[in-house]
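A look at the structure
Now for the letters of each chain:
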Amino acid sequence: MSYDQVDIPTQGAPIRLSDTSELDIPSNPIIPIIYGDGIGSDVGPAAQKVLTAAAEATGRSIAWMRIYAGESARNRYGENLPTDTVEAIRDHRVAIKGPLTTPVGAGFRSLNVALRQQLDLYANVRPTYHIDGVPSPVKDPSAMDMVTFRENTEDVYAGIEMEAGSQKAEQVRSFIESEMGYDETMHDGPIGIGIKPITEFGTKRLVRQAIEYALENDRDSITLVHKGNIMKFTEGAFRDWGYELAAEEYSEVTLTEDELYDEYDGEAPEDKLVIKDRIADNMLQQLLTRTSQYEVIATMNLNGDYMSDAAGAQIGGLGIAPGGNFGDGLCLAEPVHGSAPKYEGEDKVNPTAMILSGRIMFEYIGWNDAGELIRDAVEETISNGEVTYDLHRQIEGGDKLATSTYADAVVDKIHELA
Ligand code: NAP
């Protein structure tokens, strides 16, 4: 494959999918990276430096391929999301990105959503765990050790939206009122309309990924989070299809919460994964009050977005919270936070979220030792009180470091620990 709109590295070998759908990982993979908008220009290079150090400390190397989206792509190529950017990720299988700005209301649609949809990265996975030394607003942040699987391609994020005053919005209103019979439901005057598609296919492949993860990582339960009491045929269907998938494909290794109490007196046998569900608003308070009871969450796009930011706050805030988008044989790691434009170029913000997103990417390619090294180095750096502004304002004492200095401190720790 030849590219015109990327910086092609001179060394390295591509990651490929084998005939048996396994990833072949060379010891010097080419990994595409998008720094991103706003603070992406701060956290991108900082994370890149740390990931390079961790790879080298474990006997590997990374051939970085700079690719472009958002403002950097507009400046270079006059477009927001060049085809080569999407194709380079598809072709190289594993990539990492910083945040991309999305204008509110008018303007172009989210490039993050476009990437997830074009690459069919259907699961947005957000691990939320506490790192020693990170200040938190809750009493026991270590109780949080949860992974959220957020459906990434459907729901109100699908992009089926009609602007108030547009012909499409009026056509849909008229169809809904006259053909579908909902004529007393919508107020007169301008109306904006969004459609919330939730499919059996989209639900089941997401829940399947969550169950596979829970089984592989010895987790005890999965919680399907939904607002199915109100949105019966979308969020309620998600819950029903989730249970159905578990019964169809994993009946030997799963049990429902009812079965847990009826047949096992509330004590799950070691080899069984409990499938439960919670209504989304209840779930948000349960995350605070019964944190340790939730290990793996499977939910739809919007719930997952809200919930994982709230969960992220419990373990130290957005500067810490990592994520990754997964399709079949594809991984695009990215921090949970956005482009925080007010801090752009100040060498100020916390790069930990992007660094730990790199850890997720490393685990995906089987570099668990390098991933552990990153986690340990971050933990030791923060425990030493070497932190960026966001954590510094929450602790007594400590050194307030710039983004780049903090990254250097983590690299030093990697060298010490390796
Ligand atoms: P945001 O960029 O995540 O920033 C919100 C606040 O979170 C910041 O003001 C800062 O809080 C804190 N924060 C975020 N990243 C941090 C970091 N690395 N270190 C320390 N603190 C950090 O959210 P937003 O302002 O709502 O969104 C800005 C833009 O980003 C929007 O265009 C949005 O669409 C986009 N966005 C992109 C993604 C993505 O690319 N996946 C995700 C979310 C949002 P304090 O000021 O209180 O310190």
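Scroll up a little and you will see the structure.
Now for a look at the structure at hand. Please read these numbers as outputs of a predicted model, since none were measured by experiment. (Residues numbered from 1 in each chain as written. Predicted model: local features only at pLDDT ≥ 70, side-chain atom pairs only at ≥ 80, totals over all residues. Heavy atoms only, no water.)

A few points about the overall build of the protein
- Scanning the protein for helices and strands turns up 14 helices and 17 strands.
- For 418 residues, the compact-globule estimate of 2.2 N^0.38 gives 22 Å, and the C-alpha radius of gyration of the protein, at 22 Å, lies within 12% of that figure.
- Its C-alpha atoms put the protein at 65 × 60 × 50 Å along the principal axes.
- Split into buried and exposed, the 418 residues of the protein put 53% on the buried side.
- Nonlocal contacts in the protein, meaning residues at least 24 apart in sequence, comprise 74% of its contacts between residues at least 6 apart.
- If you sum the accessible surface of the protein, you get close to 18,700 Å²; carbon and sulfur atoms cover 46% of it. (Helix = DSSP H or I, 4+ residues; strand = E, 2+ residues; numbered from the N terminus. Rg over C-alpha atoms; globule rule 2.2 N^0.38 Å. Buried < 20%, exposed > 50% of the residue type's maximum accessible area, 1.4 Å probe, protein only. Contact = heavy atoms within 4.5 Å. Areas by Shrake-Rupley, 256 points an atom, 1.4 Å probe, with all protein chains shown as cover.)

So, the pattern of salt bridges
- Considering all chains together, one arrives at 28 salt bridges under this definition.
- Arg 126 is the partner of Asp 305 in a salt bridge, and the nearest nitrogen-oxygen pair spans 3.4 Å. One end of the pair, Asp 305, is in helix 10 (residues 301–314); the other, Arg 126, is in strand 6 (residues 123–129), with 179 residues separating them in the sequence. A single burial state applies to Asp 305 and to Arg 126, both of which are buried.
- For Glu 416, the salt bridge goes to Lys 413, with nearest N and O atoms at 3.5 Å. Of this pair, Glu 416 and Lys 413 are both found in helix 14 (residues 403–417), three residues apart, which corresponds to roughly one turn of the helix.
- What makes Lys 413 buried here is its relative accessible area of 9%.
- One network of salt bridges, with partners in common, ties together Arg 126, Arg 150, Asp 305 and Asp 309. (Salt bridge = Lys/Arg side-chain N within 4 Å of Asp/Glu carboxyl O.)

A few points about unusual backbone geometry
- A positive phi angle, close to 25 degrees, is found at Ala 340, a residue other than glycine.
- Structurally, Ala 340 is set in the loop between strand 15 (330–333) and helix 11 (352–364).
- A relative accessible area of 28% places Ala 340 in the partly exposed class.
- Although it is not a glycine, Asp 347 adopts a positive phi angle of roughly 55 degrees.
- Relative to the helices and strands, Asp 347 resides in the loop between strand 15 and helix 11.
- The class of Asp 347 is partly exposed, set by a relative accessible area of 30%.

Notes on the pairing of strand 4 (residues 63–66)
- Bridge count between strand 3 (residues 30–34) and strand 4: four bridges; the pairing is parallel. Following the sheet pairing, Pro 32 is matched in strand 4 by Met 65.
- Following the chain from strand 3 across helix 1 (residues 40–57) to the adjacent parallel strand 4, one finds a crossover that is right-handed. (Pairing = 2+ DSSP bridges. Right-handed = clockwise from strand over helix to strand, strands pointing away.)

Focus on the packing of aromatic side chains
- Throughout the structure, instances matching the rule amount to five aromatic pairs.
- On the numbers, 6.1 Å between centres and 70 degrees between planes, the contact of Tyr 68 with Tyr 77 is edge-to-face.
- The interplanar angle of 50 degrees and the centroid separation of 5.2 Å between the aromatic rings of Phe 326 and Tyr 364 together place this pair among those described as tilted. With a gap of 38 residues between them, Phe 326 in strand 14 (residues 324–327) and Tyr 364 in helix 11 connect regions that are remote in the sequence.
- Residue Phe 326 is classed as buried on the basis of its relative accessible area, which comes to 11%.
- Just above the ring of Tyr 35 sits the side chain of Arg 66; from NZ or CZ to the centre is 3.8 Å.
- For the cation-ring pair, Lys 348 lies above Tyr 389, with the distance from its terminal atom to the ring centre recorded as 4.6 Å. (Phe/Tyr/Trp six-rings, centres within 6.5 Å; stacked < 30°, edge-to-face > 60°. Lys NZ or Arg CZ within 6 Å of the ring centre and 35° of its normal.)

A word on the nonpolar core
- Among the nonpolar cores identified, the biggest contains 85 residues, and Ile 211, Met 361, Phe 362 and Val 378 are the most heavily contacted of them.
- In terms of residue count, helix 1 provides more of this core than any other element does, eight residues in total.
- In this structure, Tyr 3, Ala 63, Val 86 and Leu 115 belong to the second largest nonpolar core, which totals 21 residues. (Core = buried A, V, L, I, M, F, W, Y, C linked by side-chain atoms within 4.5 Å.)

Considering the packing of helix 11 against helix 12 (residues 368–383)
- It is the contact of helix 11 with helix 12, at a shortest axis distance of 7 Å, that shows an interaxial angle of 160 degrees. The orientation of helix 11 relative to helix 12 falls into the category roughly antiparallel. In this structure, the crossing between helix 11 and helix 12 has a hand that is left-handed. Judged by residue contacts, Thr 352, Ile 355, Leu 356, Arg 359, Phe 362 and Glu 363 of helix 11 engage Asn 368, Ala 370, Gly 371, Glu 372, Ile 374, Arg 375 and Val 378 from helix 12.
- Considered class by class, the residues forming the contact of helix 11 with helix 12 number six nonpolar, three polar and four charged. (Axes fitted to C-alpha atoms, helices over the stretch in contact; angles between N-to-C directions. Parallel < 35°, antiparallel > 145°, perpendicular 65-115°, else oblique. Left-handed = near helix turned anticlockwise from the far one by under 90°. Nonpolar A, V, L, I, M, F, W, Y, C, P; charged D, E, K, R; others polar.)

Some remarks on a nonpolar patch on the surface
- A grouping of Phe 175, Met 180 and Tyr 182 is seen on the molecular surface, where their side chains present a nonpolar patch of about 330 Å² in accessible area.
- Residue position: Tyr 182 is located in the loop between helix 5 (167–179) and strand 9 (193–194).
- What makes Tyr 182 partly exposed here is its relative accessible area of 47%. (Patch = residues over 30% accessible without salt bridge, like charges linked within 9 Å, V, L, I, M, F, W, Y side chains within 5 Å.)

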